[in-house]
Amino acid sequence: MTTTSPAGEGHGEPAGVPLLGVGVGNEVSGVVVGPVLQAGVLHGGVHVHQPVPAAPPRAERTLPADVPGFVGRHDELARLLAAVTEADGTVRTIAIHAVDGMPGIGKTALAVHAAHHLAARFPDGQRFVALRAHAPGQARVEPAMALEILLQADGVPAEQIPTGLDARAGLWRHRMADRKLLLVLDDAADANHITPLLPAAPGSLVLITSRRKLTTLPAATILTLDTLPPDQAAQLFTERVGRRALHEPEAVDRIIRLCGYLPLAITLTAARLHNHQSWTVTDIADDLAEARDGLAELASGDLAVAAAFDLSYHDLPPDRRRLFRRLGLHPGPDIDRYAAAALDNTNPDQARRGLANLLEHNLITEPHHGRYRFHDLIAEYAHTLTTTDPETEQNTARDRLLDYYLHTATIAASHLPHHTPLTNPTRPAPEHAPAITDPDRATDWLAREQPNLVAATTQAATTHRPAAIGIPNALYGHLRTHGPWDLAHNLHHTALTTARHTHNQPAQAHTLNNLAHLQRLTGDWAGAADSARQALDLYRQIGDRLGQATALNTLARAQRLAGDWAGAADTARQALHLFQQIGDRLGQADALNALARAQRLAGDWAGAATSARQALHLFQQIGDRHGQADALNALAPAQYLAGDWAGAADSARQALHLFQQIGDRHGQANALQAFGVVQDATGDPTTAADTLQQSLDLFRDVGDADGEAETLNHIGQLLLATTPDTAHHQFTAALDIARRIHTPAHEARALEGIGHCALRQGHHDEGHAYLRDALTIYQRINSPHTTRVEAALHHEND
């Protein structure tokens, strides 16, 4: 390279005389430097001797001090050390390990700690270069500057360092060709940032830290750090705070949770505690919990969690920053590309690429394929950034997301049982949505998106948007089949509040009818009857005959479970008549099912079997598998009570098979109960006990207290002859549940069972008292079991 020296700059050359730069050899890694003058310049054609510049001292060990009191990361450290140990002496190329993770996750601490563990293996030097891709207030160290630092540390005089990046990289590789070096490159921006710095000699090790996933770096082993496990997070806080943390473990647990188990946040919180010597650990836990701006509290001195996030955010191009802010509007725990596209007003392919870029920058995680989520603190940070956009843009993005969830949930629900669409949808369909074309896909989508749909309902309810009504309605069938029912109950109360606030009578009636079913399933018979009557009144006011029939059918089920069997049968017949007038075969089948159950409890077993068969026939004509299974479940106990045990077993078996195909655990519980009773009656008590236990477990899983009480009574009856003590325990448990949920039939049956247990144990007075209590209830509800208890008391008196 030639330059022109300005006059009077100390060399004594006339102005305009070219200077030949100092060379470092004729050729380095293929880079031709040109004629070399080791210690002189040409001056007027004469070679003039100049002194050779003194080489700077070599700095072979530049690792920062190891992190004092380093805790945690046992698995990650062991994995890293093991990989290096296994490769020692066998690797023919350089070993590269890239540690990535979100801001503040502890990448540098782990790399430095690992480097100190490995230092003895690399006698030719351990070098550390801070590349500062995300250093607040400091310029990024570009590759050319990093190479200058490395070369100077290796003893190359500044005057002998080439100016070009390629020449510097070549000289660096040349000097490291026969060395066994440990090189730590901290805070790299991307693969291009560190590629020129990599030595080429086998046996060297490079540890890289970066906020980005360096998946494009050839031959690199990637180690992505997650937040600390709770026990290691607590250990880190305790290490930083000292002994006083040992006395307040509950406060420590709160702090690390509020810090999101992020090492930087934990360390800064511990530092704040040192700055406030009068504070207890509980004081700072309360301070964090009560802070409106939690991120602002996670700071100490010049360090802050939010500042670390800022640097990563501003690294993004404008469209990715917009997507990041849009994700801050999402109310749920995770998101897929379709929901992200709705938020950002793009298409799913664009959203997928944007999410992948945020994942590469470790600003989001992908815990499951195609499902992305924020760390809690980054979620809070993203939410604060949403306020930088105009409010109209935020509201429009939220509306697009709610419309997407409402539309897609409604499509999914249309493939499932128990779904009745709301009339007159007013929101537009989204441009992009996943293809949901069958019940299996519908169930999978609703199960996967359930937490997001719940969060979207809550968000929609704050401004009384239609999604606050529509999403609970769409989830109704799924939650009724799979539970949890208390969640469905709460969602429908939210929907009802919104429908009332917006004076939407059809939506009020529809929601009340669904709510009545849920109240019935959770044992609130009085509440179910009241909700059904309110729905019926609203349907009459708006002249909706189909709605009236549906509400009557719902009311019949509530009346039956409350012990009003005659009233239930009468209401079911009214519903059946309306459905017949309208020509609704599905409604007719449902009403016949309700009628069959009321007839069975009232002792009309033949009539119950007839109604159940008529319902089954209609469901078969319609092709409704769930309805068929439900009708078979109604038929089996009627057949059993009528003495047709083989028919009952066959019906229960068919119902169980259909419910298993559908995936309806509640239906399976009912079918197993009927099957177990038949098995006991046909002389197979061992199998019956196992079947009834399966039924009981399912009833408990789905939260059906009524089914649980009834099954406990059946198990008690099965055990009564052989182990009255155990049977007494089952009956007592059933009695407690029946009284809690106000189910007189189950209460009476449990009292009857306890009475027989007492009689078998020789406690006659006690047994008679229980039987008389059971008889009183049976007589009050006109149960056909009255005669059975009367006969038992008469026999004992004889």
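S.K.: I tried to follow the packing of helix α26 (residues 625-641) against helix α28 (residues 665-681) on my own but got confused; where do I start?
M.R.: The angle between the axes and the distance between the axes are what describe a pair of packed helices. Between α26 and α28, the least distance of the axes is 10 Å, while the angle of their chain directions is 20°. With respect to α28, the element α26 is oriented roughly parallel. Pair α26 / α28 crosses with left-handed handedness. Across the interface between the two elements, N633, A636 and Y640 of α26 pack against G667, N670, A671, A674, V677, V678 and A681 of α28. Grouping the amino acids of the contact of α26 with α28 by side-chain chemistry returns seven nonpolar, three polar and no charged.

S.K.: Would you mind showing me how to read helix α7 (residues 249-258) here?
M.R.: Note that an α-helix has 3.6 residues per turn; residues three or four places apart therefore point the same way. Of all the positions in α7, only A251, V252, I255 and I256 are classed as buried. Taken end-on, α7 shows its buried residues confined to a sector of 130°, consistent with a single buried face. Elements that come into contact with the buried residues of α7 comprise α6 (230-241), α8 (263-275) and α9 (281-290).

S.K.: Got a minute to help me understand the environment of P428 in this structure?
M.R.: With respect to the helices, strands and loops of the structure, P428 is situated in the loop between α16 (391-413) and α17 (439-461). Considered as a pair, P428 and Y404 are 24 residues apart in the sequence and their alpha carbons are 8.9 Å apart.

S.K.: Would you mind showing me how to read the side chain of H330 here?
M.R.: As for its position among the elements, H330 is in the loop between α12 (318-327) and α13 (337-344). Within the local environment of H330, its side chain forms a polar contact with the backbone nitrogen of G332, the two atoms lying 3.1 Å apart. A polar contact of 2.8 Å, which involves the side chain of H330, links it to the side chain of Y405.

S.K.: How do you make sense of the packing of aromatic side chains when you look at a structure like this?
M.R.: For any pair of aromatic rings, the description rests on two quantities: the centre-to-centre distance and the angle between the ring planes. If you walk through the whole model with that rule in mind, you get seven aromatic pairs. Ring geometry for F324 against F374: centres 5.4 Å apart, planes inclined by 75°, an arrangement best described as edge-to-face. On the criterion of sequence distance, the pair formed by F324 in helix α12 and F374 in the loop between β15 (371-373) and α15 (376-386) is long-range, its members being 50 residues apart. Assigned by exposure class, F324 and F374 land together as buried. Between Y404 and Y405 the ring centres are 5.3 Å apart and the planes differ by 50°, which places this aromatic pair in the tilted class. Neither Y404 nor Y405 differs from the other in exposure class; each is buried. An aromatic cluster is defined as three or more aromatic residues linked by ring pairs; in this entry it consists of F309, Y313, F324, F374 and Y381. Above the face of the F122 ring, K180 is positioned so that its terminal group lies 5.9 Å from the ring centre.

S.K.: Even after reading the chapter, I still don't get the side chain of T457, so can you show me in this structure?
M.R.: Counting through the fold element by element, T457 comes out in helix α17. In terms of polar contacts, T457 uses its side chain to reach the backbone carbonyl oxygen of L453, at 2.9 Å. Not counting chain neighbours up to four residues away, the residues in contact with T457 comprise A467, A468, I471, P472, L491 and T494.

S.K.: Please clarify how the nonpolar core should be interpreted in this entry.
M.R.: Among soluble globular proteins, nonpolar side chains are generally buried collectively. Counting residues in hydrophobic clusters, the biggest one holds 106 residues, and the most contacted among them are F237, V305, F309, F324, L327, Y405 and W445. Ranked by residues supplied to this core, first place goes to α16 with nine residues. In this structure, F324 is in contact with Y313, L358, L363, F374, I378, Y381, A382 and L385, ignoring residues within four places of it in sequence.

S.K.: Is there a simple way to think about the confidence of the model for the protein chain in this case?
M.R.: Chain-level pLDDT for the protein chain is 87 on average; 90% of the residues reach the 70-or-more range. Confidence drops under pLDDT 50 across residues 1-49; counting only partners more than four residues distant or on other chains, this segment forms 56 contacts.

S.K.: What is the right way to read the pattern of salt bridges from this model?
M.R.: Opposite charge on two side chains permits them to pair, given that their charged atoms come into close proximity. The full count for this structure, using the stated rule, is 29 salt bridges. A salt bridge links R700 to E708; its shortest N-O distance comes to 2.9 Å. Owing to a relative accessible area of 42%, R700 belongs among the partly exposed residues under this scheme. The class for E708 is buried, based on a relative accessible area of 14%. By sharing partners, the salt bridges in this structure join R127, D154, R175 and R179 into a single network.

Quick notes on the rules
- Residues numbered from 1 in each chain as written.
- Predicted model: local features only at pLDDT ≥ 70, side-chain atom pairs only at ≥ 80, totals over all residues.
- Heavy atoms only, no water.
- Axes fitted to C-alpha atoms, helices over the stretch in contact; angles between N-to-C directions.
- Helix = DSSP H or I, 4+ residues; strand = E, 2+ residues; numbered from the N terminus.
- Parallel < 35°, antiparallel > 145°, perpendicular 65-115°, else oblique.
- Left-handed = near helix turned anticlockwise from the far one by under 90°.
- Contact = heavy atoms within 4.5 Å.
- Nonpolar A, V, L, I, M, F, W, Y, C, P; charged D, E, K, R; others polar.
- Buried < 20%, exposed > 50% of the residue type's maximum accessible area, 1.4 Å probe, protein only.
- Arc of directions from axis to C-beta.
- Polar contact = N/O pair within 3.5 Å; in protein donor to acceptor, adjacent residues only side chain to side chain.
- Phe/Tyr/Trp six-rings, centres within 6.5 Å; stacked < 30°, edge-to-face > 60°.
- Lys NZ or Arg CZ within 6 Å of the ring centre and 35° of its normal.
- Core = buried A, V, L, I, M, F, W, Y, C linked by side-chain atoms within 4.5 Å.
- pLDDT = per-residue confidence, 0-100.
- Salt bridge = Lys/Arg side-chain N within 4 Å of Asp/Glu carboxyl O.

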